[in-house]
Amino acid sequence: AVKFIETVLGLQLDASTLRESLRDGVLLCRLINALHPGAIKRINTKTLPFTQMENIGNFLAAARKLGLESTDLFQTVDLYEGKNMPRVIMTLLTIAR
């Protein structure tokens, strides 16, 4: 999943800090927009928890529109609170296919 994000966005990520890199939702939104330009109209860059969770929600909504089933998607808390990172990775790998 890390390699997929790095390849699409042209940046380097540290796999050991993946949750922190993705937690604000900005990279997730950029990833969807790189794959499908304009899928997410506005990406919040503020550090408020609400705006970060909104970014994650926008990513999940865009992924649904791209054809992912709800069973393929993680929940916002899975990433934001680190409840289920394997599920987050699974969602990213599903998008990569």
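The text that follows walks through the structure, step by step, so that each part is easy to find. (Residues numbered from 1 in each chain as written. Predicted model: local features only at pLDDT ≥ 70, side-chain atom pairs only at ≥ 80, totals over all residues. Heavy atoms only, no water.)

### Some words on the side chain of Asn 55
Stage number 1. By the element assignment, Asn 55 lies in helix H4 (residues 49-65).
Stage number 2. Owing to a relative accessible area of 0%, Asn 55 belongs among the buried residues under this scheme.
Stage number 3. Apart from residues lying up to four places away in sequence, Asn 55 is in contact with Asp 24, Gly 25, Val 26, Cys 29, Arg 42, Ile 43 and Asn 44. (Helix = DSSP H or I, 4+ residues; strand = E, 2+ residues; numbered from the N terminus. Buried < 20%, exposed > 50% of the residue type's maximum accessible area, 1.4 Å probe, protein only. Contact = heavy atoms within 4.5 Å.)

### Some points on the nonpolar core
Stage number 1. Formed by 27 residues in total, the largest nonpolar core has its most connected members in Ile 5, Leu 22, Phe 59, Phe 74, Leu 79 and Leu 92.
Stage number 2. The set of elements that each furnish at least two residues to this core consists of helix H1 (2-9), helix H2 (18-22), helix H3 (26-35), H4, helix H5 (76-80) and helix H6 (85-96).
Stage number 3. Beyond its immediate sequence surroundings of up to four residues, Leu 22 is in contact with Ile 5, Leu 27, Leu 28, Leu 79, Val 88 and Leu 92. (Core = buried A, V, L, I, M, F, W, Y, C linked by side-chain atoms within 4.5 Å.)

### Digging into the environment of Thr 47
Stage number 1. Inspection of the secondary structure assignment puts Thr 47 in the loop between H3 and H4.
Stage number 2. Thr 47 sits in the exposed class, given a relative accessible area of 67%.
Stage number 3. When the C-alpha positions of Thr 47 and Lys 3 are compared, they lie 26 Å apart, and in sequence the two are 44 residues distant.

### Some words on H4
Stage number 1. Its 17 residues give H4 an end-to-end C-alpha distance of 24 Å, which sits within 8% of 24 Å, the value for a rise of 1.5 Å per residue.
Stage number 2. Taken together, the buried positions of H4 are Thr 51, Gln 52, Asn 55, Ile 56, Phe 59, Leu 60, Ala 62 and Ala 63.
Stage number 3. Packed against the buried residues of H4 are H3, H5 and H6.
Stage number 4. Looking one or two places after H4, you find Gly 67, whose phi comes out positive at around 110°. (Expected span 1.5 Å × (residues − 1).)

### Brief notes about the pattern of salt bridges
Stage number 1. Tallied over the full model, the rule gives 3 salt bridges.
Stage number 2. We note a salt bridge from Arg 19 to Glu 20, for which the minimum N-O separation is 3.2 Å.
Stage number 3. Look at Arg 19 and you get partly exposed, because its relative accessible area is 26%.
Stage number 4. A salt bridge links Lys 83 to Glu 81, with the nearest nitrogen and oxygen atoms 3.7 Å apart.
Stage number 5. Exposure remark for Lys 83: the relative accessible area of 58% places this residue in the exposed category. (Salt bridge = Lys/Arg side-chain N within 4 Å of Asp/Glu carboxyl O.)

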